[in-house]
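Residue-level listing of the chains:
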Amino acid sequence: MKSLSKKQSLQSILAYHQKTKHHFQRYASGPDGLDWKHQPEAFRTFKGCTKLKLPLLKQATDVLYNDLYQDNKISPQALSIKNIAQLLELSLGLSAWKQYEENRWSLRCNPSSGNLHPTESYIIAENCEGVSKGVHHYVSRDHNLEQRCQFSNDEALLPNNCFLIGLSSIHWREAWKYGERAFRYCQLDAGHAIASIRYAAATLGWQAQVLTSASDAQIETILGINRDPDFNSAEREHSDVMLLITTHPKEQSNDLFSLKNIAEAAKSGQWFGQANILSSQHLDEWPIIADATVASVKSETDESSWQAPILPKLNMTSDRNSAHAASTLIKQRRSAQEFDSSHFTNRNLGNEKTVNEPSFTDKMLYRMLDLTLSRQNIPPMDSISWKPAIHLLLFVHHVEGIESGLYLFLRNDEVKSTFQTHLKQDFEWLKPISCPAHLPLFRLVSGDAREAAKTLSCHQEIARDGVLSFGLVAEYESNLADKPWVYRQLFWEAGILGQILYLEAESIHLRGTGIGCYFDDGVHELIGLVEDDHTFQSLYHFTIGKALTDNRLQTLPPYAHLQRSNLVRE
Ligand SMILES: Cc1cc2nc3c(=O)[nH]c(=O)nc-3n(C[C@H](O)[C@H](O)[C@H](O)COP(=O)(O)O)c2cc1C
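Criteria and thresholds
Residues numbered from 1 in each chain as written. Predicted model: local features only at pLDDT ≥ 70, side-chain atom pairs only at ≥ 80, totals over all residues. Core = buried A, V, L, I, M, F, W, Y, C linked by C-beta atoms within 7 Å. Buried ≥ 20, exposed ≤ 12 C-beta atoms within 10 Å, placed from the backbone. Helix = DSSP H or I, 4+ residues; strand = E, 2+ residues; numbered from the N terminus. Domains from an automatic or database assignment. Pairing = 2+ DSSP bridges. Axes fitted to C-alpha atoms, helices over the stretch in contact; angles between N-to-C directions. Nonpolar A, V, L, I, M, F, W, Y, C, P; charged D, E, K, R; others polar. Near = placed C-beta within 6 Å. Parallel < 35°, antiparallel > 145°, perpendicular 65-115°, else oblique. Left-handed = near helix turned anticlockwise from the far one by under 90°. Contact = placed C-beta atoms within 7 Å. pLDDT = per-residue confidence, 0-100. Expected span 1.5 Å × (residues − 1).

Novice: Which parts of the structure should I look at to understand the nonpolar core?
Specialist: The nonpolar side chains of a soluble globular protein tend to be buried, and buried together. With 153 residues, the main nonpolar core has Phe163, Ile194, Leu243, Ile245 and Leu472 as its most contacted residues. Here this core gets 14 residues from one element, more than from any other, and that element is helix 4 (residues 182–202). There are two domains that each give this core at least three residues, and those are domain 1 (35–308) and domain 2 (335–545).

Okay, here's the thing in structure tokens:
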């Protein structure tokens, strides 16, 4: 892989971002039509590995969704194959199959742009009963682990109460459909996967944290994704993150291992398996994605030392009418494709038919926003340890207790004056009266923001027809200046936020949808950022509303296709 100077990397990643913006008159470059004949295989597998079948959850967990947000509420479970299986099932495992006429496709606990699932995952285990020491690739369709590498037994690599999960992305999966913008979607999906893993770890009383010091070279070596002969002409995977999973509070096991040593063990380990080819032909290649990959490569750094501030405890009681098992909620998460636009309008008018159905109140909104703030030991924001850099622009359509309009929620209020300098000078900056003191939520302008939300989200009606929609706005230029690889981190942070919104929406009988298609500079123009001002950039959209279900689709259980057997060698 060619290497670039920091200046070249920065120019290249900024150029990638500019070139992959959607504009009102022109979308970012992508294929002319979909090449269905070469649609990528939905699952990566490695032929020639020992496969370890994982047990499935027999019933919903006793742990409630609300328990996940309370420090020390869930007793830490043992590090066993059963519990690793639970973590994988509830994060990256299948949640259902959908069928329409002849077509059948699977859904997973983690969402993905276009349901293309570029994210691959690996367990690096030692001292875990039932899982041999080495690197194992997770196949969600089969709920099994493929042993890619066996480490020698000479050296202890990990402390007793922890293991690692490595994530990588197959950029081709997204590029097949979305062309040049695909690199962004892979990063957003990785963010959703990080949060999914953190939530699933929390169901076991475990922690999960992105190792911010790791270099891409270390991750590639440990996951074996740099091994040319094992991939041959199969689509390559690119390093995302390494997560440390600890069964006990992280103070007890941090700093007790070295990724460098694990990378050495991987180099001298015994490797198995040949990656499958996902598409026999690629009609289009998108070289700009390879350029962005190179420009955002990360080298080894110190671990981030940012500490979350002490905040008031989360409100666990506001306006909520049911307690959900965490596993049920995680598995039922779906993206809405259409919202009932009349629901909230009718409620507001006191229409009898809808008045007893779900409402969306200011208190619900405040709790949702509160969950996006970083607190120690509260998932999923505690999975990353850098200073929050993504803020929420809200298009408020129907929130009981506050006026409709455009709002801004600052996840780090030090940035308020910078926003005030760069955004429209006539914005109001008014805090809603009912809003708790520690939540920096400001109304910028009141009014009906529905059509603006729809238009800016590539004319998608779901951004207009719900209770509210979001633009996730990054502190952009200042974060990249010295560290071009932070480009990827910003999208991960946005994806993690998206996952919070998905689960919170489900918990109040609403539904969310991530929106990767939006007109970048249209959003910037709305808030007053001029075209060449890159202080802030919008990186993701999200919407929440009352979903309409498509009754033409059949829903089938996720793992009915699996038969019982334990250890199989191909
Ligand atoms: C990063 C990202 C971007 C997405 N963009 C859109 C979008 O622009 N429009 C849309 O309708 N759905 C969008 N989705 C929703 C996906 O289509 C959905 O997650 C996928 O089909 C899987 O379905 P599920 O979320 O119900 O599991 C997006 C999801 C993600 C994670």
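Novice: Can you help me understand the sheet that holds strand 4 (residues 103–108) in this one?
Specialist: Pairing between the strands of a sheet is mediated by backbone hydrogen bonds and can be parallel or antiparallel. Pairing is antiparallel across the open sheet formed by 3 strands, whose spatial order is 4-3-19. Strands at the two margins of the open sheet, each flanked by one partner only, are strand 4 and strand 19 (554–556). Looking at each pair of strands side by side, their axes are set apart by 30° on average, direction ignored.

Novice: Explain the sheet that holds strand 15 (residues 441–446) to me, please; I cannot follow it from the model alone.
Specialist: Spatial strand order, 15-14-13-16-18-17: 6 strands in an open sheet with antiparallel pairing. With partners counted over all chains shown, the strands left at the sheet margins are strand 15 and strand 17 (511–515), one partner each. Neighbour to neighbour, the strand axes of the sheet diverge by 25° on average, direction disregarded. Pairing of strand 16 (residues 468–475) with strand 18 (residues 536–545) involves 8 bridges; the strand directions are antiparallel. Residue pairing across strands places phenylalanine 470 opposite phenylalanine 542, the latter belonging to strand 18.

Novice: What exactly am I supposed to notice about the domain arrangement of the protein chain here?
Specialist: Much of the literature gives interface size as the accessible area that the parts lose upon coming together. Partitioning the protein chain into domains gives domain 1 (35–308) and domain 2 (335–545). Distance between the C-alpha centres of domain 1 and domain 2: 28 Å. Sorting the residues of the side of domain 1 that touches domain 2 by element identifies helix 4 and strand 9 (207–210) as the ones contributing at least two each. Examining the composition of the side of domain 1 that touches domain 2, we find that 14 residues originate from one element, helix 4, more than from any other. In the side of domain 1 that touches domain 2, the residues fall into 17 nonpolar, 9 polar and 5 charged.

Novice: What am I meant to see in unusual backbone geometry here?
Specialist: Trans is the common state for peptide bonds, and a negative phi is the common state for residues other than glycine. Here the bond from proline 379 into proline 380 is cis, since omega is -10°, no more than 30 degrees from zero. If you trace the backbone, proline 380 turns up in the loop between helix 12 (362–371) and strand 13 (390–396). The phi dihedral of asparagine 115 falls on the positive side, at around 55°, and the residue is not glycine. Structurally, asparagine 115 is set in the loop between strand 4 and strand 5 (119–125). Taking the C-beta count within 10 Å as the criterion, asparagine 115 has 14 such neighbours and is therefore assigned partly exposed.

Novice: Explain the site of the ligand here, please?
Specialist: Taken together, 18 residues lie near the ligand, and Pro111, Asn115, Ser335, Gly514 and Gly516 sit nearest. Of all the secondary structure elements, the ones that give two or more residues to the shell around the ligand are helix 4 and strand 17. It is helix 4 that provides the largest number of residues to the shell around the ligand, a total of 4 residues. Grouping the constituent residues of the shell around the ligand by class yields 6 nonpolar, 10 polar and 2 charged.

Novice: What is the right way to read the pairing of strand 6 (residues 134–139) from this model?
Specialist: Counting buried residues along strand 6, 6 of its 6 residues qualify, which places the element largely inside the surrounding structure. The pairing of strand 5 with strand 6 spans 4 bridges and is antiparallel. Across the sheet, the residue bridging to isoleucine 123 is histidine 136, located in strand 6. Counted along the chain from strand 6 to the antiparallel partner strand 7 (residues 144–150), the turn is 4 residues long, and its residue histidine 143 has a positive phi close to 45°.

Novice: Explain the packing of helix 4 against helix 16 (residues 486–507) here, please?
Specialist: Pairs of packed helices are described in terms of their axes, by the angle between the two and the distance that separates them. The contact between helix 4 and helix 16 brings their axes to 7 Å, and the two run at 50°. Taken together, the axes of helix 4 and helix 16 lie oblique to each other. Helix 16 is crossed by helix 4, and the crossing has right-handed handedness. Residues Arg184, Gln187, Leu188, Asp189, Ala190, Gly191, His192, Ile194, Ala195, Ser196 and Tyr199 of helix 4 lie in contact with helix 16, whose contacting residues are Arg488, Phe491, Trp492, Glu493, Ala494, Gly495, Ile496, Gly498, Gln499, Ile500 and Leu503. Here the contact of helix 4 with helix 16 is built from residues that sort into 11 nonpolar, 7 polar and 4 charged.

Novice: Just to check I follow, could you spell out the pairing of strand 10 (residues 238–246) for this structure?
Specialist: Among the 9 residues that make up strand 10, 9 are buried, leaving the element largely enclosed by the rest of the structure. For strand 8 (residues 162–169) and strand 10, the ladder comprises 8 bridges, and the chain directions are antiparallel. Directly across from glycine 166, in strand 10, lies its bridge partner methionine 242. Sheet topology places strand 9 next to strand 10; 4 bridges connect them, and they run antiparallel. Counterpart to glutamine 209 in the pairing with strand 10 is leucine 244.

Novice: Looking at this model, I keep getting lost on the confidence of the model for the protein chain. Mind explaining?
Specialist: Regions with low pLDDT should not have their predicted coordinates read in detail. On average, residues of the protein chain score 94 in pLDDT, and 94% of them are at 70 or above. Scored below 50 in pLDDT, residues 565–570 shows 8 contacts in the model against residues more than four places distant or in partner chains.

Novice: In this structure, what is going on with helix 4? I would like to understand it.
Specialist: Two residues of an α-helix separated by three or four positions point the same way, owing to the 3.6 residues in each turn. With 21 residues, helix 4 extends 30 Å between its outermost C-alpha atoms, agreeing within 8% with the 30 Å of an ideal straight helix rising 1.5 Å per residue. Burial runs high along helix 4: 21 of the 21 residues are buried.

Novice: It is not clear to me how the packing of helix 1 (residues 6–19) against helix 8 (residues 287–295) should be interpreted in this structure. Could you clarify?
Specialist: As a packed pair, helix 1 and helix 8 sit with axes 8 Å apart at the nearest point and diverge in direction by 140°. It follows from the interaxial angle that helix 1 and helix 8 lie oblique. For helix 1 against helix 8, the interelement crossing comes out left-handed. Touching Ser9, Ser12, Ile13, Tyr16 and Lys19 of helix 1 are Ile288, Asp291, Ala292 and Ala295, all from helix 8.

Novice: Would you explain the environment of glycine 471 in this entry?
Specialist: Relative to the helices and strands, glycine 471 is located in strand 16. The exposure class assigned to glycine 471 is buried, which follows from the 27 C-beta atoms found within 10 Å. C-alpha separation for the pair glycine 471 and alanine 182, spaced 289 residues apart in sequence, amounts to 19 Å. Leave out the neighbours within four places in its chain, and glycine 471 touches Leu393, Val523, Ser538 and His541.

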